[in-house]
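Secondary and tertiary structure notes
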Amino acid sequence: MSDLATLAAGCDAAPSVPILRERGQRSVFCGLTGIIWLHRKIEDAFFLVVGSRTCAHLLQSAAGVMIFAEPRFATAIIEERDLAGLADANDELDAVVTRLLERRPDIKLLFLVGSCPSEVIKLDLSRAAFRLSQRFAPTVRVLNYSGSGIETTFTQGEDACLAALVPILPATTARGLLIVGALADVVEAQFRRLLAALGIGPVAFLPAGQANALPPVGANTQFLLAQPFLADTARALEARGARRIPAAFPLGAEGTALWLAAAARAFGIAAPAIEVVLAAPRARARAALACHAPLLAGKRIFFFPDSQLEVPLARFLAREMGMQPVEIGTPYLHRQHLAEELALLPEGVRLSEGQHVERQLDRCRAAAPDLVVCGLGLANPLEAEGLATKWSIELLFTPIQGFEQAGDLAGLFARPLQRRALLAV
Ligand code: SF4
C-alpha cells in the first residue's frame, strides 16, 4: 500500500479525542489583524476600518513589524461626537470614502471593515456599502464585513472578508477546483504547478489577486480549504452549490500530500498517477524536515487557542517531528472541517476549545512544556517565567503551506528552542 493509501485509510478511523470546553476570559487579537496579510493578497483592494484610535493603533503596530506595509488600509476614526450621536456617522463615512476614492483611482474593491465601536453605535455598514457601491459602480465595488473583537479571534477576519466576497463571485456551470484561503504568492504558484501536473483544472484561488479576476463558482465547483478557519466562507460557497473536498490541511510533507491527493481523487485521478507527481516533492520536504527533527523530537508543546491552526500544526509536529502535544487549545473546533486532522492526532491528547486564560495558564505552568505556542499578549509573561514561546501570529505572516515550505515551518518551532539553548549556555 502506498503512503497515501495508508493515510487515507487511517483517516476513516477517528480516535475518540477528549475535549475540554472552556468559557471565560480570553487573550486574543481581533479580526482586524487579518487586514495585514489580506491587503497584500488582493492588490487593488483597500480596507477602510470604521473604528476608534485603538483600532488604528492595533493596525499600525501589527503592520509596523512588516517591511511590506503599504497604504492599502486605513482607519476612519469614529470621534466622540459620533459616539454621542451629535453627528451623522453615515454622512461622515460617505465623505471619507469619496475623498479616498478621488485620491486613489487604483482602488477597485473597497472593504468597509466594522469594529467594536462601529457595532456599539450600530452603524449599519452593509447599508453603507450598498449605498456607496451604487454611487461608485462600476469602477469600484464596496463590500463590508466585521473585524470586531467581540467574541472573535484574529483569523476570523479573513473568514469574514472571504465570505463577503462569495456573493459577488461570477456564476459558472463548468467543472473546476477552487482553493480557498489566502496563501503567499510563492505557495500559490507551487500549488498551481502541482495541481496542473496532477491533471486537475481549471484551478482558481479565493481570494484572487485582482478584484476584476474573481473566481467563478457554481454547482460543479469543488473547493478545497487551504486554511482551517473558514467556516463562514465554506457555508457561503455551499449555499452557491459548491462542494467541499474533505481533506487534511497542507502543513508538512504529510498534510500537503493528503491535501493534494484529496483534490486529485475528487477529480478522478488514480492513486498511482497521484503518487508519481507527489513522490519527489514529498521526499524533498521530508529531507528538509529531517534537519530539524533532532531538536524537536521528544519535546513537549502546549498550544494556547489563538490562530485556529493549532490542530493541524499539532498533527504535523506530532507525526512528522516527533513532538508531544501536551494540550492543543483552539478558539473554535470545527469538527467537520477538522475531521481528517482529528483522526491523525495522537491517541489521548488533550484538546481544549474556547478559553479560560487563568486556568489554562495554570495547566501550562504545571505541565512545564518545552515550547508554548500563544498570542503576543501571553508570550512575554511566559518567557519571563522561563518558558520558550512561539508567537502564533507568525504562522499567518510566514509562507508555511506546501512541500517546499515544510522545512521552514519546522524551523519556526526549532528557533525558540535553539535560542533558549544558547541562552542557557
Ligand atoms: S475592533 Fe475592537 S478589539 Fe479590535 S482594535 Fe478595535 S476596539 Fe480593539
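Let us look at the structure shown here.

Within the protein, the regular secondary structure consists of 18 helices and 14 strands. Taking 22 Å as the expected radius of gyration for a compact globule of 425 residues, we find that the protein reaches 22 Å, a close match to that expectation. Seen through its principal axes, the protein has C-alpha atoms that stretch 65 × 55 × 35 Å. Burial analysis of the protein (425 residues in total) assigns 49% to the buried set. By sequence separation, contacts in the protein at least 24 residues apart represent 75% of the contacts at least 6 residues apart.

As a matter of local geometry, the ligand sits amid Cys-30, Leu-32, Gly-51, Ser-52, Thr-54, Cys-55, Leu-58, Ser-115, Cys-116, Gly-147, Ser-148 and Gly-149. If one sorts the elements of the shell around the ligand by residue count, helix H3 (residues 53-64) sits on top with 3 residues.

Below, the discussion takes up the sheet that holds strand S13 (residues 371-374). Strand order in this open sheet of 6 strands is S1-S12-S11-S10-S13-S14, and the pairing throughout is parallel. Looking at the sheet topology across the chains shown, the edges are occupied by strand S1 (19-23) and strand S14 (389-391). The sheet shows a mean angle of 20° between the axes of neighbouring strands, direction not considered. Against the sheet, helix H15 (residues 357-367) engages S1, strand S10 (300-303), strand S11 (324-330), strand S12 (350-355) and S13, with an angle of about 175° to S11. Packing against the sheet, helix H18 (residues 406-424) makes contact with S13 and S14, and its axis sits at approximately 140° to S14.

Moving on to the packing of helix H12 (residues 271-296) against H18. Their axes nearest at 8 Å, the elements H12 and H18 cross at an angle of 15°. Taken together, the axis directions place H12 and H18 in an arrangement best described as roughly parallel. Handedness of the crossing formed by H12 with H18: left-handed. Counted together, Ala-285, Ala-288, Leu-289, Cys-291, His-292, Leu-295 and Leu-296 of H12 and Ala-406, Gly-407, Ala-410, Gly-411, Phe-413, Ala-414, Leu-417 and Gln-418 of H18 form the full contact between these two elements. Per-class residue counts for the contact of H12 with H18 are 11 nonpolar, 4 polar and no charged.

We now examine the nonpolar core. If you look at the biggest cluster of nonpolar residues, it comprises 133 residues, and the most contacted ones within it are Leu-48 and Leu-224. A per-element tally of this core places helix H11 (residues 252-266) first, with 9 residues. If near-sequence neighbours (up to four positions away) are discounted, Leu-224 is found in contact with Leu-177, Ile-179, Val-180, Ile-245, Ala-247, Trp-259, Ala-262 and Ala-263.

Taken in spatial order, the 4 strands of this open sheet run S7-S6-S8-S9, and their pairing is parallel. Strands with a single pairing partner mark the edges of an open sheet, and in this sheet they are strand S7 (203-206) and strand S9 (243-244). Across 5 bridges, strand S6 (residues 176-180) lies against strand S8 (residues 221-225) in parallel orientation. Counterpart to Leu-177 in the pairing with S8 is Gln-222.

Now for the environment of Ala-257. Within the secondary structure, Ala-257 is located in helix H11. Residue class for Ala-257 comes out buried when judged on the 24 C-beta atoms lying within 10 Å of it.

The subject of this paragraph is unusual backbone geometry. Geometrically, the link from Ala-137 to Pro-138 is a cis peptide bond, its omega value of 0° lying close to zero. Within the secondary structure, Pro-138 sits in the loop between helix H7 (125-136) and strand S5 (141-146). Cis rather than trans, the peptide bond between Leu-206 and Pro-207 has omega equal to 10°. Tracing the sequence through the fold places Pro-207 in the loop between S7 and S8. If you check the backbone angles, Gln-308 has positive phi at about 70° while not being a glycine. Here Gln-308 shows up in the loop between S10 and helix H13 (310-321). If you check the backbone angles, Ala-368 has positive phi at about 45° while not being a glycine. Secondary-structure assignment places Ala-368 in the loop between H15 and S13.

Next up on the list: the pairing of S11. Most of S11 sits inside the fold, with 6 of its 7 residues counted as buried. In terms of strand pairing, S10 meets S11 through 4 bridges, oriented parallel. Bridge pairing in S11 links Phe-303 to Ile-328. Traced from S10 through H13 to S11, the parallel crossover comes out right-handed. Sheet topology places S11 next to S12; 4 bridges connect them, and they run parallel. The residue of S12 that forms the bridge with Ile-328 is Leu-351.

In this section: H12. Helix length check: H12, at 26 residues, gives a terminal C-alpha distance of 32 Å against a target of 38 Å (1.5 Å per residue), a shortfall beyond 12%. The largest bend along H12 reaches roughly 40° and is located at Leu-278, with the proline Pro-281 sitting one to four residues downstream. All of the buried residues along H12 are Ile-274, Val-277, Leu-278, Pro-281, Arg-282, Ala-285, Leu-289, His-292 and Leu-296. Looking at the residues trailing H12, positive phi occurs at Gly-298, about 85°.

The rules behind each value
- Residues numbered from 1 in each chain as written.
- Predicted model: local features only at pLDDT ≥ 70, side-chain atom pairs only at ≥ 80, totals over all residues.
- Helix = DSSP H or I, 4+ residues; strand = E, 2+ residues; numbered from the N terminus.
- Rg over C-alpha atoms; globule rule 2.2 N^0.38 Å.
- Buried ≥ 20, exposed ≤ 12 C-beta atoms within 10 Å, placed from the backbone.
- Contact = placed C-beta atoms within 7 Å.
- Near = placed C-beta within 6 Å.
- Pairing = 2+ DSSP bridges.
- Axes fitted to C-alpha atoms, helices over the stretch in contact; angles between N-to-C directions.
- Parallel < 35°, antiparallel > 145°, perpendicular 65-115°, else oblique.
- Left-handed = near helix turned anticlockwise from the far one by under 90°.
- Nonpolar A, V, L, I, M, F, W, Y, C, P; charged D, E, K, R; others polar.
- Core = buried A, V, L, I, M, F, W, Y, C linked by C-beta atoms within 7 Å.
- Right-handed = clockwise from strand over helix to strand, strands pointing away.
- Expected span 1.5 Å × (residues − 1).
- Bend = angle between axes of the 7 residues up to and from the residue.

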